[in-house]
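Observations on the three-dimensional arrangement
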Amino acid sequence: MAEIFAQKVVVLATGGTIAGSAASASDNIGYSAAQMGVRQLLDSVPGLDQVVAGRTLVAEQVAQIDSKDMSFAIWQQLALRVSHHLGQADVTGIVITHGTDTLEETAYFLHAVLPAQQLAAKPVVLTCAMRPASSAAPDGPQNLRDAVAVATTAGACGVVAVVAGKVHAAVDVQKVDTYRLDAFSSGDAGVVAYVEEGIVRLVRNWPLAPVDKAHVAIEKLAQLSHWPRVEIVMNYAGASGALVEALLAPLAVAGLSGEQARPAPPVRGLVVDGTGNGTIHQDMEAALRRAQALGVKVVRSTRCATGRVLASERSEFAHSNGLSPVKARIALMLELMQA
Ligand code: SIN
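Residues numbered from 1 in each chain as written. Predicted model: local features only at pLDDT ≥ 70, side-chain atom pairs only at ≥ 80, totals over all residues. Heavy atoms only, no water.

**Structural notes on the overall build of the protein**
Heads up, the condition is: Under the scheme used here, helices are H or I runs from DSSP no shorter than 4 residues and strands are E runs no shorter than 2 residues, and both carry numbers assigned from the N terminus. C-alpha atoms define the radius of gyration in this analysis, and the globule rule sets the expected value at 2.2 Å times the number of residues to the power 0.38. Using a 1.4 Å probe on the protein chains alone, a residue whose accessible area is under 20% of its type maximum counts as buried, one over 50% counts as exposed, and one in between counts as partly exposed. It only takes one pair of heavy atoms within 4.5 Å for two residues to be counted as in contact. Where accessible areas are quoted, they stem from the Shrake-Rupley method and a 1.4 Å probe; at the residue level, only the protein chains shown are allowed to cover.
Broken down by element type, the protein carries ten helices and 14 strands. In summary, the protein has a C-alpha radius of gyration of 21 Å against a globular reference of 20 Å for 339 residues, a match within 12%. Its C-alpha atoms put the protein at 65 × 55 × 35 Å along the principal axes. Burial status across the protein gives 51% buried among its 339 residues. Within the protein, contacts between residues at least 6 apart in sequence are counted, and of these 72% link residues at least 24 apart. Working note: accessible area of the protein is about 15,200 Å², and carbon and sulfur atoms make up 52% of it.

Shown next, in the form of structure tokens:
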């Protein structure tokens, strides 16, 4: 007889406004993020039992931070815990509570590093809130209920973010508003699904993990003490090559390439938050050419909110394959780790 498992939903908490608290219930901005522990947070969500529907809710506090302070160490730990739980036969899906400010980066990181076969079978659902838990009208409880609804939906898979009743794919999601509850957008790609009264209405396919990811194994990633340094430089009217030159200074002084300049590794990659179709001021471009000659990988992205940088024969720099600058930086770090 087949063994019958009680199904589990795992909630991994990392802090954020969803666990935030202010002195007054009317204060939605003067709060401290990451104040409530995961158990307290779950206990404060009315109606969660109905959504969980007889499954066991497993809660784990992975971190307790304001997500502006997200670190590689926390990402390493989070990826390990997510992968561990995804590997358990009785786990239906994972929910991660997170701050809104760097949610899209964590989502993309997990999408890029988690084993494709795990992501093809189960969903990893990030959620958050724009108002603290102490608010008179918090958005966190509804977002959490919706996230659990997605995590328990048959066929759901991949890394997604659930906010304000919308399900966004990790590759596309971006915080686009500083204050509104519906603060995230998937740009041109559009949302994956809507959550309406606990029911998930799919409008496009669940996101697939990249099959070609020759990524660093999570276990190896977790042991890395230093990640390749990749910085983002922005193009704007009157930009110069000064910032790029400052980043190159240790390389130039040593007269060595990025690889040889270790053990005090300087910058290994630069992502340009370019104008328009990834265009770059000619003075910055000259500095970036020098960077490339010194072994620094340069990738062009765009500061435009929608659209993607299109390949151009006129540029000697790679483009970001549609990734925003912050996600292109993660992709480049992972690429450099494999080198
Ligand atoms: C954070 O990102 O941790 C604080 C801001 C937020 O969650 O909205």
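Next comes the rest of the account.
**Side note on the nonpolar core**
Rules: To define a nonpolar core, start from buried Ala, Val, Leu, Ile, Met, Phe, Trp, Tyr and Cys residues and group those joined through side-chain atoms within 4.5 Å.
If you look at the biggest cluster of nonpolar residues, it comprises 50 residues, and the most contacted ones within it are Phe109 and Val124. The residues contacting valine 124, other than those within four sequence positions of it, are Val82, Leu86, Ile94, Ile96, Leu110, Leu114, Leu119, Gly158, Val159 and Val160.

**Some remarks on the site of the ligand**
For clarity, the threshold we go by: Throughout, the term near means that a residue has one or more heavy atoms lying within 4 Å of the molecule or strand in question. Any N or O atom pair separated by 3.5 Å or less is treated as a polar contact, with the protein-specific requirement of one donor-capable and one acceptor-capable atom, and with residues adjacent in sequence counted only for side-chain atom pairs. When residues are sorted by character, Ala, Val, Leu, Ile, Met, Phe, Trp, Tyr, Cys and Pro go into the nonpolar class, Asp, Glu, Lys and Arg into the charged class, and all the rest, Gly among them, into the polar class.
Looking at the ligand, the residues that line it are Gly16, Thr17, Tyr31, Asp66, Ser67, Gly99, Thr100, Asp101 and Ala129. Contacts to the ligand include threonine 17, whose side-chain N or O atom sits 2.9 Å from an oxygen atom. Within the side chain of threonine 100, a nitrogen or oxygen atom sits 2.5 Å from an oxygen atom of the ligand. Surface burial for the ligand is 95%, taken as the share of its 250 Å² of free accessible area covered by protein chains. Here the residues of the shell around the ligand sort into two nonpolar, five polar and two charged.

**Notes on the packing of aromatic side chains**
Counted only if it meets this: A pair of Phe, Tyr and Trp rings is counted when the ring centres sit within 6.5 Å of each other, with Trp represented by its six-membered ring. The angle between the planes then sorts it: under 30 degrees is stacked, over 60 is edge-to-face, the rest tilted.
Counted by the stated rule, this structure contains five aromatic pairs. Pairing phenylalanine 72 with tryptophan 75 gives two aromatic rings, centres 6.2 Å apart and planes at 40°, and the pair type is tilted. With phenylalanine 72 and tryptophan 75 both in helix α3 (residues 72-86) and three residues apart, this pair spans about one turn of that helix. A connected cluster of aromatic rings, assembled from ring pairs, spans Phe72, Trp75, Phe109 and Trp227.

**Regarding the layout of surface pockets**
Put simply, the test is: Cavity means a closed set of points on a 1 Å grid over the protein atoms alone, one where a 1.4 Å probe fits but cannot get out, pocket means an open set with protein on both sides within 12 Å along at least 5 of 7 lines, and lining means a residue has an atom within 4 Å of a point. Grid points are joined across faces, edges and corners, and a volume is the space filled by probe spheres set on the points.
When its volume is computed, the largest pocket comes out at roughly 1,300 Å³. Around the largest pocket, the lining comprises 49 residues; the ones closest to its centre are Ser320, Asn321, Gly322, Leu323 and Ser324. Breaking the lining of the largest pocket down by element, the ones donating at least two residues are α4 (103-113), β7 (174-175), β13 (297-302), β14 (318-319) and α10 (325-338). Examining the composition of the lining of the largest pocket, we find that nine residues originate from one element, α10, more than from any other. Grouping the constituent residues of the lining of the largest pocket by class yields 21 nonpolar, 15 polar and 13 charged.

**What to know about the environment of valine 271**
Tracing the backbone shows valine 271 in strand β12 (residues 269-274). Taking the C-alpha atoms as reference, valine 271 lies 42 Å from leucine 48; in sequence the two are 223 residues apart. Among residues more than four places away in sequence, those in contact with valine 271 are Val230, Glu231, Ile232, Val233, Val299, Ser301, Pro325, Ala328, Arg329 and Leu332.

**Things to note about the side chain of glutamate 285**
This is how it is decided: Here the positive residues are Lys and Arg and the negative ones are Asp and Glu; neither His nor the chain ends is included. Definition used for salt bridges: Asp or Glu carboxyl oxygen within 4 Å of a side-chain nitrogen of Lys or Arg.
Considering the arrangement of structural elements, one finds glutamate 285 in helix α9 (residues 282-293). Despite its burial, glutamate 285 remains without a salt bridge, the nearest opposite charge being carried by arginine 289 at 4.0 Å. Beyond its immediate stretch of four places on either side in the chain, glutamate 285 contacts Ile280, Glu316 and Phe317.

**Observations regarding a nonpolar patch on the surface**
To be explicit about the condition: For patch detection, residues must exceed 30% relative accessible area and be free of salt bridges, and they are connected within 9 Å for like charges or within 5 Å for nonpolar side chains (Val, Leu, Ile, Met, Phe, Trp, Tyr).
On the surface, Met234, Tyr236 and Leu243 cluster together to form a nonpolar patch covering roughly 290 Å² of accessible area. Along the chain, the position of methionine 234 falls in strand β11 (residues 230-234). With relative accessibility at 38%, the residue methionine 234 sits in the partly exposed group.

**Focus: α10**
Basically, it comes down to this: The span you would expect from a helix comes to 1.5 Å times its residue count less one.
Taking 1.5 Å per residue, 14 residues should reach 20 Å; α10 reaches 20 Å between its end C-alpha atoms and fits that length. For α10, a buried count of ten out of 14 residues is recorded, marking the element as mostly surrounded by other parts of the structure. Taken together, the buried residues of α10 touch α3, α4, α7 (218-223), β11, β12 and β13.

**Let's talk about the sheet that holds strand β9 (residues 193-196)**
Let me state the cut-off plainly: When DSSP finds at least two bridges between two strands, those strands are taken to pair. Where helices are involved, their axes are fitted lines through C-alpha atoms of the stretch in contact, as for all axes, and angles between N-to-C directions lie from 0 to 180°.
Read from one edge to the other, the open sheet built from eight strands follows the order β2-β1-β3-β4-β5-β6-β9-β10, with strand pairing classed as mixed. The open sheet is flanked by β2 (56-65) and β10 (199-202), the only strands paired with a single partner. For this sheet, the mean angle separating the axes of adjacent strands, direction not counted, is 25°. Note: strand β5 (residues 158-163) against strand β6 (residues 166-169), four bridges, orientation antiparallel. Bridge assignment links alanine 161 to a residue of β6, and that residue is histidine 168.

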